[in-house]
Amino acid sequence: MSATIRDVARALGLHMSTVSRTFSAPHLVNSDTRRRVLAMAEQLGYRPNRAARALVTGRTHNLGLIVADIANPFFPPLVKAAEQQAMARDHHLFVADTDEDPLIEAELVQALAKQVDGILLCSPRMSNAQIDRLRADVPMVTINRRVPGLRAVVMDEAAGAKAAVEHLVGLGHRRLALLTGPRGSWTSGQIRRAAAATADRNGARLVVFGPNAPIADSGATRARQVCEDGATAVLAYNDVMAIGLIEGLDHLGVRVPADVSVVGFDDIPASRLIRPKLTTVANPTASAGRAAVDLLLQEADGALGAAELMLPTTLMIRDSTGRAAPPRVVRPTRIPRTLTSAEPKE
């Protein structure tokens, strides 16, 4: 027969209400008592009934995390870190995938609202107005998106874009291309504005190709335009697009970085496995997942806390960038094949 809350209370000589508060409202129990209760519960094999606790407290101890595409290698480290942080805070995490569709995103928020204590929206594609309407139903925190009135965890993509452009200019590149992300992406807008301003300050020309689906095929299909433009360096919205671009350039007979330098965003594992190894802006995705869970629990509790956490990005210089070749239009020598799609990021 499994242990009960009464067994835990009797073993410690505590009132049952004290043991109950340890699980339903731990912030109301002093740390020494909480430690003793948790240790005895573990020893006796007691597990609180979440459904019963929800009836008493009005809290499910569940959280939702909605991402644009779970197959995108940008998201799994964030999801895993958020899940671990939620478990450490005695919560379960439900994860849902929108396939980059704002209509599905809104439907998922409505479906989860009654089942969770709060929802994390990671790189949401909905409009601010849609998010504002839905937040009346459930506490929310955004990741990599600013929405007035909502707490947010954002990665400093603007600083990353600035560092990337300055790196390319320092290598002598003066004709740069930017492959933007999907229409409506907040991150893409941050990268575009920072890259344009940095290029302008440094006397470089920046041409923008986009919007693009954040997949490898987008990079591959832009390879010919990059060549015809004469750009000697390219900044891509994410690593999978940059990897697709490198393959597309290779099939055109264009060398990276001898003819064209390439920089991505995210620092996914594949960026270190391809050849040449990809120069990229590393995003602190795991840190973002953990921080977002903490912010959401503060929001759900009505507690004071930061309105926004800005996490730094880091430029990782590898083999896909080099000194600019003499100015010329790179003429493709072969016709590119169609690549198998890789998955998006925010």
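The structure presented is a predicted model; accordingly, all values stated were derived computationally and were not measured.

**A few points about helix H6 (residues 102–112)**
Here comes step 1: For H6, the complete set of buried residues consists of Glu105, Ala106, Val109 and Leu112. Considered in projection along H6, the buried side chains sweep an arc of 140 degrees and stay on one side of the axis. The outward face of H6, more than 90 degrees from its buried face, is lined by the exposed residues Leu103 and Glu107.
Here comes step 2: Looking at the buried residues of H6, the elements they touch are strand S1 (62–67), strand S2 (92–97), strand S3 (119–122), helix H7 (128–134) and strand S4 (140–143).
Here comes step 3: A side-chain oxygen of the first residue of H6 lies 2.8 Å from the backbone nitrogen of Leu103; this N-cap is Asp101.

**With respect to the confidence of the model for the protein chain**
Here comes step 1: Averaged over all residues, the pLDDT of the protein chain equals 89, while 90% of them reach at least 70.
Here comes step 2: A low-confidence stretch, residues 338–346 (pLDDT under 50), is modelled with 49 contacts involving residues beyond four sequence positions or located in other chains.

**A closer look at the pairing of strand S9 (residues 261–266)**
Here comes step 1: Of all the 6 residues making up S9, 6 are buried; the element is thus mostly covered by neighbouring parts of the structure.
Here comes step 2: Regarding topology, helix H11 (residues 239–251) serves as the crossover connection from strand S8 (residues 233–236) to the parallel S9, and that connection is right-handed.
Here comes step 3: When S9 meets strand S10 (residues 279–282), the two strands line up parallel, connected through 4 bridges. Looking across to S10, one finds that Gly264 is bridged to Thr280.

**A short note on the packing of helix H5 (residues 75–88) against helix H12 (residues 285–301)**
Here comes step 1: Here H5 crosses H12 at 35 degrees, and the two axes come no closer than 7 Å. The handedness of the crossing between H5 and H12 comes out as right-handed. Residues Pro77, Leu78, Ala81, Ala82, Gln85 and Ala86 of H5 lie in contact with H12, whose contacting residues are Thr285, Ala286, Ala288, Gly289, Arg290, Val293 and Asp294.
Here comes step 2: Its residues assigned to classes, the contact of H5 with H12 shows 8 nonpolar, 3 polar and 2 charged.

**Observations concerning the pairing of S4**
Here comes step 1: A two-sided burial pattern is seen for S4, the buried positions comprising Met140 and Thr142 on one face and Val141 and Ile143 on the other.
Here comes step 2: As defined by bridge partners, S3 adjoins S4 across 4 bridges and the pair is classed as parallel. Note that in S4 the partner of Cys122 across the bridge is Ile143.
Here comes step 3: For the crossover from S3 across H7 to S4, the handedness is right-handed.
Here comes step 4: Bridge analysis of S4 against strand S5 (residues 151–155) gives 3 bridges, and the strand direction is parallel. Within S5, the residue paired with Ile143 across the bridge is Val153.

About the thresholds
Residues numbered from 1 in each chain as written. Predicted model: local features only at pLDDT ≥ 70, side-chain atom pairs only at ≥ 80, totals over all residues. Heavy atoms only, no water. Buried < 20%, exposed > 50% of the residue type's maximum accessible area, 1.4 Å probe, protein only. Helix = DSSP H or I, 4+ residues; strand = E, 2+ residues; numbered from the N terminus. Arc of directions from axis to C-beta. Contact = heavy atoms within 4.5 Å. Polar contact = N/O pair within 3.5 Å; in protein donor to acceptor, adjacent residues only side chain to side chain. pLDDT = per-residue confidence, 0-100. Right-handed = clockwise from strand over helix to strand, strands pointing away. Pairing = 2+ DSSP bridges. Axes fitted to C-alpha atoms, helices over the stretch in contact; angles between N-to-C directions. Left-handed = near helix turned anticlockwise from the far one by under 90°. Nonpolar A, V, L, I, M, F, W, Y, C, P; charged D, E, K, R; others polar.

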